[in-house]
Amino acid sequence: MRLPRPVLTASVVVTATGSLLLVPHSATADRDPPVREGSAQDGAAGNGAARNSASTARNALAAPVTDLSGTTAGYPREQVLTPDPENPADRSVKLGLTPYHAIAPKLNALQRLGDRVSVEIAGESAGGHRLYLVTVTAPESARETRAQERMRELIENAPRAAAKDPAVKRTYKTPVFFNNNIHGNEWEGTDAALRAVERLATAKDARTADLLAHSRLYFNITANPDGRIAGTRANANGFDLNRDFITASQPESRAIRQIGIDKQPAVMVDLHGYVNGTLIEPTTPPHGENYEYDLFLKNTYANALGMEAAVNGLGYTPAEDGVEPAQIPFRDQEEGWDDWPPIFTPQYAAFHGTVAAHTVEIPLQVNNAAYESLPVAELRRRAAVNVDVADAAVRATLDFARTHRSSLIADQIEVFRRGAEGAAQVPVSAETVPGVPGIGPEDVYTTEFPRAYVVPAGATQRSATAAARLVDHLLANDVRVTRATGAFRLAGRSYPKGSYVVDLRQPKRGMANVLLADGTDISDKVSVMYDISGWSLGRLWGATVTPVRGGTSLAAVPRRAVETATGVGYVAPRGTLRLRLDDPREIAALNSLLKQGVPVRLAADGSVLVPGSARAKAVALAREYDVAFDATKATGGTPLHHTRVAAAVTPGELFALREMNFDVVPVSTAILNAGFDWSAADVLFASSGLSHTGLDASAQAALGAFLGTHGLVGRGAAGAALNAATGLLPVRPVAADGDANGVVRVVSSGPVTAGAPDHGFVYAPLWFTDLGPGVRVEQSYATGDPLVAGHWRPLTDGTAGPTAAAGQASVVSGPHAVLFGTEPLFRDHPKGQFPQVGRALLTVS
C-alpha cells in the first residue's frame, strides 16, 4: 500500500586504420517508514535473477501472438500452465487465500470454463516466478484482433483521426487493467481478481455480455509473487515495486510498464492494503504537473464514487466488522496522499493514456505484526472481508467502464491529441471539471512544455555513455526519439551530428517531460509529501539535456527516428588503455578486469590504466558494458586490487553495488554479533542496519580491528554514527528534516567525486562541519539555495533548510574513510552518482 501520512486539516570489427571498434548496437495502516528502504538483510536476494534483461517483458508481450499457421491469433489464447511445486510455507496459506503454487492450476481451470479467458506470461519476477496476465473478453477472430490493434495504434498515433473514426466509436474495446498484489504482503487483490475472472467467465447476463463485447479486461494476477510467497512487501531483491516506475530497475516493474504500453488501458485499479476505511484515489495535492489532470480527475473521481458506493454497500460496519466507511482523499483530506511522483503504478499509467487510475487500500490489516499476533480465525475473517471489498471495487470499476465507454475512449484520445499537437493543458476548476467538489487553487498544477529536448552527442565519454543510457530508457518508456543526421542549430545553439532530439509534440509528451524535465521545488506548496519529490533523469543520470523553448520549429533539423541508442563502446588499437570511471558501467568493467587478475593502476586524474596485454579482455568488456578504452601514454599510478565489500545497506544500494560488479557480502548488527569473518572483506560500506551500540564487545573489537587496517564508506545518519563511534574522521554531521528530498546542485572538488555531475540526490540530507585535520571536502552543496526540485523545508525552529546546507560539505574523506551526506545510490536511481561510491570503495580499500 501507499503508506499514509498524517493529515494536517556488438560485434568487433577492424577499421581501415586497424583500430578495434565496436559496432554500435541497436485508517489502520502499516506505519513502516513511508519511503526509506530497510536494510538489505530484509529478504534481499542475490543479483543473478535481478539482472533479468529489460527486454524480458517486451519480448513476452509486445510481439504479436500467432497461431500454428503463423497468422495473428484471436481470442481466446488458451495455454496449459505447468503447475509449480506445492509450497506449504507460502504465507498466503495461513490467511486462507490462494497460494502462488495454486494459481497456475486455477488459471488452467478458468480457461476451461469457456471461450472468454486467456492467459499470457508477462515475464518473470526477480525470484524467477511467472507473472500471469489474464485477458477476459468476448471471443475475437484473428481479423477482429488485428482490427482492434489497428484502432489502438490509431488512438495513440493519429488521435484526431481516431476521434472521427466511426469504427473506433462503434467497435473498439475499452482496455481495463487491474494490478494486484504489487506489495507482496497485501494479498487479497489476487483473490479478488481470480473471483472476478471466474464470474466473468461464466456469467450469462446481458450486462456481462455487453461488457465483454465492448471491453478487454486485463488482470495482472500477482505483480509480486516473490513477496506473496514470503509475506514481504518487497520482491526478492528487496525492492518496493510501487516505487520503481521511474527507474524500472526490477523485472516486475518492466512487465507492468510493457502492459501499459501494449494494452493502453483507459482505466486501471491497483489493489493494495491496509487503510480503514477503504481509501480510494484520487489524491490530495500536489498533483503531477505533467498530467492532463482535468481529464484524469474527472474520470478518477467519478469511478471513485462508484467504488465507494459498492464498498459501503457490502454492509460491513465499524461496530460489527471493524470496517469503517470508504474515503476519497481528494474530497476527505487536505494533504499527505499526493500523486506528484510517477513512481506509483496509477500515476505512471496516466502517462500511457489511462484517464481513470486508482490506488485502492482495502481495510483490515493482516500483515506484519497482525499476521504474527492475531489468531488464524481472525486473520481469515479479515482476509475474507478484504477480498469482498477488493471485489466490490473491481465490480464497480467494470460497471463504470461499461457505462462510460465512449467518454473514456474520447478522453484517452484527447490526452494523446494534446500531446501530438502541443495543445495547452487545461487547469482544473469547477468549470473545467464539473461534478467534482472542492476544487481550489491548491489543486492547480500545470507545466510549460518545451518545444523539444536535445541530448547532445557526448563531448565527453561520460556524457556519451549517459546519453545512450537515457535514450534507451526513453525508448523503453514509449517516448519517441530522433537522432540528427547532420550538425544543426536550434534556438540559437549549435549541436553536432548524432545528437538526439525529443520532439515534445508526440502523444506521450507527459511521459517525455516527466523523465527529462528538471522538476519543481514544491517545498512551499504543502507541509508534507508522501514520497520523493524530485527525480530528474538528465540531472541525476549524468546526461546533458537541453530544453528548447518557445515556438521553435524543428523542420530544419535533419534527423531520423531511432529504435535504440547508438553504442559508444570502443577499444584503442595499440598501447596502454585508459578507462574513465565516470559511469557505473565503467566501474563494472574495471571490477571485471580486477576479478580476472589484470594489473590495473589508478591514475592521478581518476581514470585507470589498463595494460595493452589485456586488450582482448577490454574488447569483450567494451561490448558487454558499452564503455570506451582510449589510448594513453600515461605511466605510473597506484595499483588497484579486487575489492570485496561488506555492506550494511538498503536493498537499492545492494542492487547498485552489484550492478557495478562489486563482490558484496551483506552484513548487519545481528550478523556481526554472530561472528563475522572479516577476512572475507576489504572495505565496509554502512548506511543501514548496522548500529555500533548494538554490537557486543567481541563484535565491536573485531570491527575496530578491521577498520584499523581497512576502510569505511558511510552514508547518511547510520554511516555518520558509525564513523563517530570508531573515530575515523573528525567531523560533525548536521541533519536536515527526515522527509527532505530532491535534486540538488553540488560542487565536486576531490578525487572521489572527480567527473561527477553537478547535481545529486538527497533524502534526509546531511552536511559536515567542524572538519578536523586530515579531512578533505570532496563535494559541497552549491551556494544560494541548492535545491532544484523536491521538497525540503527547514525544521520547526527555522534551521536545517536548504539554504543552511548551502556551501557546506556534502561528501568528506580521509585516509581510511569517506562519508556521504547525499544519496548517491537511492533505489538504484541516480546513475550518474554511482561512480562516487565506486571510487570511494576502491580508494579506501
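Predicted model only: the values in this text are computed from it and were never measured.

Chemist: I'm lost on the confidence of the model for the chain in this one. Help?
Modeler: In the predicted model, the chain carries a mean pLDDT of 92, and the fraction of residues at 70 or more is 91%. Under a pLDDT of 50 for its full length, residues 2-37 has, in the predicted model, 124 contacts with residues more than four places off or in other chains. In this model, residues 42-54 is a region of pLDDT below 50 whose contacts with residues beyond four sequence positions or in other chains number 27 contacts.

Chemist: Honestly, the sheet that holds strand S4 (residues 130-136) in this entry has me stumped. Any pointers?
Modeler: Strand pairs in the sheet, formed through backbone hydrogen bonds, run parallel or antiparallel to each other. Spatially, the seven strands line up as an open sheet ordered S3-S4-S6-S5-S7-S11-S8, and their pairing is mixed. Across the chains shown, the open sheet's two edge strands, defined by having one partner strand only, are strand S3 (117-124) and strand S8 (279-280). One ladder, built from two bridges, connects S8 with strand S11 (residues 356-362); its direction is antiparallel. By the bridge assignment, Ile-280 is partnered in S11 with Val-360. Relative to S3, helix H9 (residues 251-263) is tilted by about 135 degrees, and along the sheet it contacts S3, S4, strand S5 (174-180) and strand S6 (215-220). Helix-sheet contacts for helix H10 (residues 293-312) involve strand S7 (267-273), S8 and S11, and the interaxial angle to S11 is about 35 degrees.

Chemist: Sorry, what's going on with unusual backbone geometry here?
Modeler: A negative phi angle is the norm for most residues apart from glycine, just as the trans form is the norm for most peptide bonds. The residue after Asn-276, namely Gly-277, is reached through a cis peptide bond having omega 5 degrees. Here Gly-277 shows up in the loop between S7 and S8. In this model, Pro-285 is joined to Pro-286 through a cis peptide bond whose omega is -5 degrees. Structurally, Pro-286 can be placed in strand S9 (residues 284-287). Non-glycine residue Ala-764 carries a positive phi angle of around 50 degrees. Within the secondary structure, Ala-764 sits in the loop between strand S31 (759-763) and strand S32 (766-769).

Chemist: Got a minute to help me understand the environment of Thr-783 in this structure?
Modeler: Examined against the element boundaries, Thr-783 turns out to sit in the loop between strand S33 (776-781) and strand S34 (787-791). Classification of Thr-783 as exposed rests on a relative accessible area of 60%. Once the C-alpha coordinates of Thr-783 and Lys-106 are considered, the two residues, 677 residues apart in sequence, prove to be 61 Å apart. Discounting chain neighbours no more than four positions away, the residues touching Thr-783 are Arg-745, Ala-806 and Gly-807.

Chemist: It is not clear to me how the packing of aromatic side chains should be interpreted in this structure. Could you clarify?
Modeler: Each aromatic ring pair is characterised by the separation of its centres together with the angle its planes make. Under the criterion given, the structure shown has 21 aromatic pairs. With centroids separated by 5.3 Å and ring planes inclined at 75 degrees, the aromatic side chains of Phe-239 and Phe-655 adopt a geometry described as edge-to-face. Placement of Phe-239 in the loop between helix H8 (225-230) and H9 and of Phe-655 in helix H22 (residues 651-659) is noted, with a sequence separation of 416 residues between them. Of the residues examined, Phe-239 reaches a relative accessible area of 2% and is grouped as buried. When its relative accessible area of 9% is taken as the criterion, Phe-655 is described as buried. By way of ring pairs, the aromatic residues Tyr-291, Tyr-293, Phe-296 and Phe-351 are connected into one cluster.

Chemist: Explain the pattern of salt bridges here, please?
Modeler: Oppositely charged side chains may form a pair once their charged atoms are brought near each other. Using the criterion set out here, one finds 50 salt bridges in the structure. In this structure, Lys-263 and Glu-120 form a salt bridge, with 3.5 Å as the shortest nitrogen-oxygen distance. Here Lys-263, found in helix H9, pairs with Glu-120, found in strand S3; they are 143 residues apart in sequence, far enough to count as distant. With relative accessibility at 8%, the residue Lys-263 sits in the buried group. What makes Glu-120 buried here is its relative accessible area of 8%. With a shortest N-O distance of 2.8 Å, Asp-531 and Arg-243 are connected by a salt bridge.

Chemist: Please explain the packing of H10 against helix H16 (residues 405-421) as it appears in this structure.
Modeler: Any two packed helices are characterised by how steeply their axes cross, that is the angle between the axes, and by the distance between the axes. Two elements in contact, H10 and H16, have axes separated by 10 Å at closest approach and are oriented at 165 degrees. What the angle tells us is that H10 and H16 run roughly antiparallel. Where H10 crosses over H16, the handedness of that crossing is left-handed. In this structure, H10 uses Asp-294, Leu-295, Lys-298 and Asn-299 to contact H16, whose residues at the interface are Leu-408, Asp-411, Glu-414, Val-415 and Arg-418. Across the contact of H10 with H16, the residue classes tally to three nonpolar, one polar and five charged.

Chemist: Any chance you could explain the environment of Met-307 here in plain terms?
Modeler: Checked against the element boundaries, Met-307 lands in helix H10. According to the relative accessible area criterion, Met-307 is buried, its value standing at 0%. Between the alpha carbons of Met-307 and Asp-391 there is a distance of 9.9 Å; along the sequence they are 84 residues apart. If near-sequence neighbours (up to four positions away) are discounted, Met-307 is found in contact with Ile-280, His-358, Val-360, Ala-393, Ala-396 and Thr-397.

Chemist: What should I look at first to understand the pairing of S6 in this one?
Modeler: Looking along a regular strand, one sees the side chains alternate between the two faces of the sheet. Within S6, six of the six residues are buried, leaving the element largely enclosed by the surrounding structure. Judged from the four bridges that link them, S4 and S6 form a sheet pairing that is antiparallel. Bridge pairing links Val-136 to Leu-217 in S6. Alignment of S5 against S6, held across six bridges, turns out to be parallel. Along S6, the bridge assignment pairs Pro-175 with Arg-216.

Chemist: Which parts of the structure should I look at to understand the side chain of Asp-531?
Modeler: Tracing the backbone through its elements, the reader meets Asp-531 in the loop between helix H18 (509-516) and helix H19 (537-541). Overall, the relative accessible area of 2% leaves Asp-531 in the buried class. One polar contact links Asp-531 to Arg-827, side chain to side chain, over a distance of 2.9 Å.

Chemist: For this particular structure, what's the right way to read the nonpolar core?
Modeler: For soluble globular proteins, the rule of thumb is that nonpolar side chains tend to be buried together. Ranked by internal contacts, the top residues of the largest apolar core, which has 147 residues, are Leu-107 and Phe-219. It is helix H15 (residues 376-403) that contributes the most residues to this core, 13 residues altogether. The residues touching Leu-107, leaving out its near neighbours within four places in the chain, are Leu-81, Val-119, Tyr-132, Val-134, Leu-194 and Ile-221. The next biggest cluster of nonpolar side chains, apart from the first, holds 47 residues, and it includes Ala-588, Val-619, Phe-629 and Val-664.

Chemist: Would you mind showing me how to read the pairing of strand S30 (residues 741-748) here?
Modeler: Relative to S31, S30 runs antiparallel, the two being bridged by five bridges. In the strand pairing of S31, Gly-742 is matched with Val-762. One ladder, built from four bridges, connects S30 with S34; its direction is antiparallel. Looking at S34, one finds that Gly-742 is bridged to Gly-790. Where S30 meets S33, three bridges bridge the pair, whose relative direction is antiparallel. Considered in S33, the bridge of Val-746 is made with Tyr-781.

Chemist: In this structure, what is going on with the sheet that holds strand S17 (residues 546-548)? I would like to understand it.
Modeler: What the five strands build is an open sheet, ordered S17-S12-S16-S13-S18; its pairing is antiparallel. Of all strands in the sheet, those bounded by a partner on one side alone are S17 and strand S18 (559-561). The average undirected angle you get between the axes of adjacent strands in this sheet is 30 degrees. When strand S13 (residues 482-484) meets strand S16 (residues 500-503), the two strands line up antiparallel, connected through two bridges. Paired with Thr-482 across the two strands is Val-501, which belongs to S16.

Chemist: What is the right way to read the environment of Asp-663 from this model?
Modeler: Mapping Asp-663 onto the fold places it in strand S26 (residues 663-666). For the pair formed by Asp-663 and Asn-591, sequence separation is 72 residues and the distance between their alpha carbons is 8.8 Å. With near-sequence residues (within four places) excluded, Asp-663 lies in contact with Lys-595, His-642, Thr-643, Arg-644 and Val-645. Here Lys-595 takes part through its side chain, which lies 3.0 Å from a polar atom of the side chain of Asp-663.

Analysis parameters
- Residues numbered from 1 in each chain as written.
- Predicted model: local features only at pLDDT ≥ 70, side-chain atom pairs only at ≥ 80, totals over all residues.
- Heavy atoms only, no water.
- pLDDT = per-residue confidence, 0-100.
- Contact = heavy atoms within 4.5 Å.
- Pairing = 2+ DSSP bridges.
- Helix = DSSP H or I, 4+ residues; strand = E, 2+ residues; numbered from the N terminus.
- Axes fitted to C-alpha atoms, helices over the stretch in contact; angles between N-to-C directions.
- Buried < 20%, exposed > 50% of the residue type's maximum accessible area, 1.4 Å probe, protein only.
- Phe/Tyr/Trp six-rings, centres within 6.5 Å; stacked < 30°, edge-to-face > 60°.
- Salt bridge = Lys/Arg side-chain N within 4 Å of Asp/Glu carboxyl O.
- Parallel < 35°, antiparallel > 145°, perpendicular 65-115°, else oblique.
- Left-handed = near helix turned anticlockwise from the far one by under 90°.
- Nonpolar A, V, L, I, M, F, W, Y, C, P; charged D, E, K, R; others polar.
- Polar contact = N/O pair within 3.5 Å; in protein donor to acceptor, adjacent residues only side chain to side chain.
- Core = buried A, V, L, I, M, F, W, Y, C linked by side-chain atoms within 4.5 Å.

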